[in-house]
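Take a look at the letters that make up each chain.
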Amino acid sequence: MSSQDIPAELAPPDLSKPPRIWKFWGTSLWGLFAFAALFLGQVTVVLYLVLMKDAPFDLTLLTRTLSSGTAIALSVIMGLPAVCAALWLATRLARMRFAAYLALDGTSWKNFAVGALGLILLVGLWELISRAMGRDSSPGFMMDVLKSARADGALWLLVLAFCVAAPMTEEFFVRGFLYRGWSESFLRPWGAIALSSLVWTAMHLQYDWFFFCEIFTIGLWLGWLRYRYNSTWLTVFVHGLNNLAATVQTLWIATHT
């Protein structure tokens, strides 16, 4: 088969130039661009919901909208296409296919089982630490958002946002794009795992220091899975499993308290 017979969707964007990887600074700058796109996508949803309300715009209206489970769910979902668009542009300019750059490859059921088992052990350890310290098992933020979404009749939408859209958005960005570029820079894989985990932790400012520590360790586990099995879909699955377990736990606590 000649190069002219290669389907356009399977060929690199530009066969006349070799593909490239955005190293440390290129990845960092494109990462800021993708984060800005994420923020813009989420803010656009919130502003739209505010403007749709038949009430004068003020801080009270904005605060009430931001605390709505429906608004949070829609903003999280909107973040996915915004990030994908930014990362698509970055990979396009790197002359690589989106899926190849972000390692959106399948993996075996055994690897899924390894990822899930490691997550269960890690989260179980943090649960024991939490109980020993007399802390609540579920963050107050999660409890408030789930109660709000249930009151709005949008619980299903919030579950979709937390368990599908958020894991895809964050894993494409962190373990897909950031890890790929940083791991091939002076940081090497282990430095990329640590730094990308810090970035991922910083994206969860709604939690306190205890959950920051838990999120960071989960990020390290996800980073190792990305390094070991070279599959971002694997980390999406494990991340989604973690969010699903946290959502079910919070719903159970909210129902029985």
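Residues numbered from 1 in each chain as written. Predicted model: local features only at pLDDT ≥ 70, side-chain atom pairs only at ≥ 80, totals over all residues. Heavy atoms only, no water.

Chemist: Even after reading the chapter, I still don't get the overall build of the chain, so can you show me in this structure?
Modeler: A count of helical and extended segments in the chain gives 10 helices and zero strands. Counting helices and strands in the order they occur from the N terminus, the chain gives α-α-α-α-α-α-α-α-α-α. Buried residues in the chain amount to 47% of all 257 residues. Taking the contacts inside the chain whose residues are at least 6 apart along the sequence as the reference set, 77% of them involve residues at least 24 apart. For the chain, the accessible area works out to roughly 13,500 Å², and carbon and sulfur atoms hold 69% of it. (Helix = DSSP H or I, 4+ residues; strand = E, 2+ residues; numbered from the N terminus. Buried < 20%, exposed > 50% of the residue type's maximum accessible area, 1.4 Å probe, protein only. Contact = heavy atoms within 4.5 Å. Areas by Shrake-Rupley, 256 points an atom, 1.4 Å probe, with all protein chains shown as cover.)

Chemist: What is the right way to look at the packing of helix 5 (residues 109-132) against helix 9 (residues 209-229) in this model?
Modeler: The axes of two packed helices give the description: the angle between them and the distance between them. Here helix 5 crosses helix 9 at 165 degrees, and the two axes come no closer than 11 Å. One finds that helix 5 runs roughly antiparallel with respect to helix 9. For the crossing formed where helix 5 meets helix 9, the hand is right-handed. Facing N111, V114, G115, G118, L119, L122, V123, W126, I129 and S130 of helix 5, the residues of helix 9 in contact are F210, C213, E214, T217, I218, W221, L225 and Y229. Classifying every residue of the contact of helix 5 with helix 9 by side-chain character gives 12 nonpolar, five polar and one charged. (Axes fitted to C-alpha atoms, helices over the stretch in contact; angles between N-to-C directions. Parallel < 35°, antiparallel > 145°, perpendicular 65-115°, else oblique. Left-handed = near helix turned anticlockwise from the far one by under 90°. Nonpolar A, V, L, I, M, F, W, Y, C, P; charged D, E, K, R; others polar.)

Chemist: I tried to follow the pattern of salt bridges on my own but got confused; where do I start?
Modeler: Tallied over the full model, the rule gives five salt bridges. Taken together, the shared-partner salt bridges connect K23, R180 and E184 into one network. (Salt bridge = Lys/Arg side-chain N within 4 Å of Asp/Glu carboxyl O.)

Chemist: What is the right way to read helix 8 (residues 188-202) from this model?
Modeler: Think of an α-helix as 3.6 residues a turn; residues three or four steps apart then line up on the same face. Relative to the 21 Å expected for 15 residues at 1.5 Å per residue, helix 8 spans 21 Å between its end C-alpha atoms, a close match to the ideal helical length. Within helix 8 the residues assigned to the buried category are A192, I193, S196, S197, W200 and T201. Along the axis of helix 8, the buried positions cluster into a sector of 165 degrees, meaning they face one direction only. (Expected span 1.5 Å × (residues − 1). Arc of directions from axis to C-beta.)

Chemist: Got a minute to help me understand the packing of helix 1 (residues 24-52) against helix 3 (residues 69-93) in this structure?
Modeler: Look at helix 1 against helix 3: their axes get within 7 Å of each other, and the N-to-C directions meet at 150 degrees. Between helix 1 and helix 3, the crossing angle belongs to the class labelled roughly antiparallel. Relative to helix 3, helix 1 is oriented so that their crossing is right-handed. Split by residue class, the contact of helix 1 with helix 3 holds 18 nonpolar, four polar and no charged.

Chemist: What should I look at first to understand the confidence of the model for the chain in this one?
Modeler: Low-confidence regions, as indicated by low pLDDT, have predicted coordinates that should not be scrutinised in detail. Of all residues in the chain, 88% attain a pLDDT of 70 or more, and the chain-wide mean is 88. When pLDDT is averaged over each helix and strand of the chain, the minimum, 71, is found for helix 2 (residues 59-66) and the maximum, 97, for helix 8. (pLDDT = per-residue confidence, 0-100.)

Chemist: Sorry, what's going on with the layout of surface pockets here?
Modeler: Of the pockets and cavities examined, the second largest pocket occupies roughly 170 Å³. In terms of lining residues, the second largest pocket is bounded by S28, G31, L32, F35, F173, L178, W182, V199, A202 and M203. Going through the elements one at a time, helix 1, helix 7 (155-183) and helix 8 are the ones with two or more residues in the lining of the second largest pocket. By residue number, the principal contributor to the lining of the second largest pocket is helix 1, which donates four residues. Tallied by class, the residues present in the lining of the second largest pocket amount to eight nonpolar, two polar and no charged. (1 Å grid on protein atoms, 1.4 Å probe; cavity = no way out; pocket = protein on both sides within 12 Å on 5 of 7 lines; lining within 4 Å. Points joined across faces, edges and corners; volume = space filled by probe spheres on them.)

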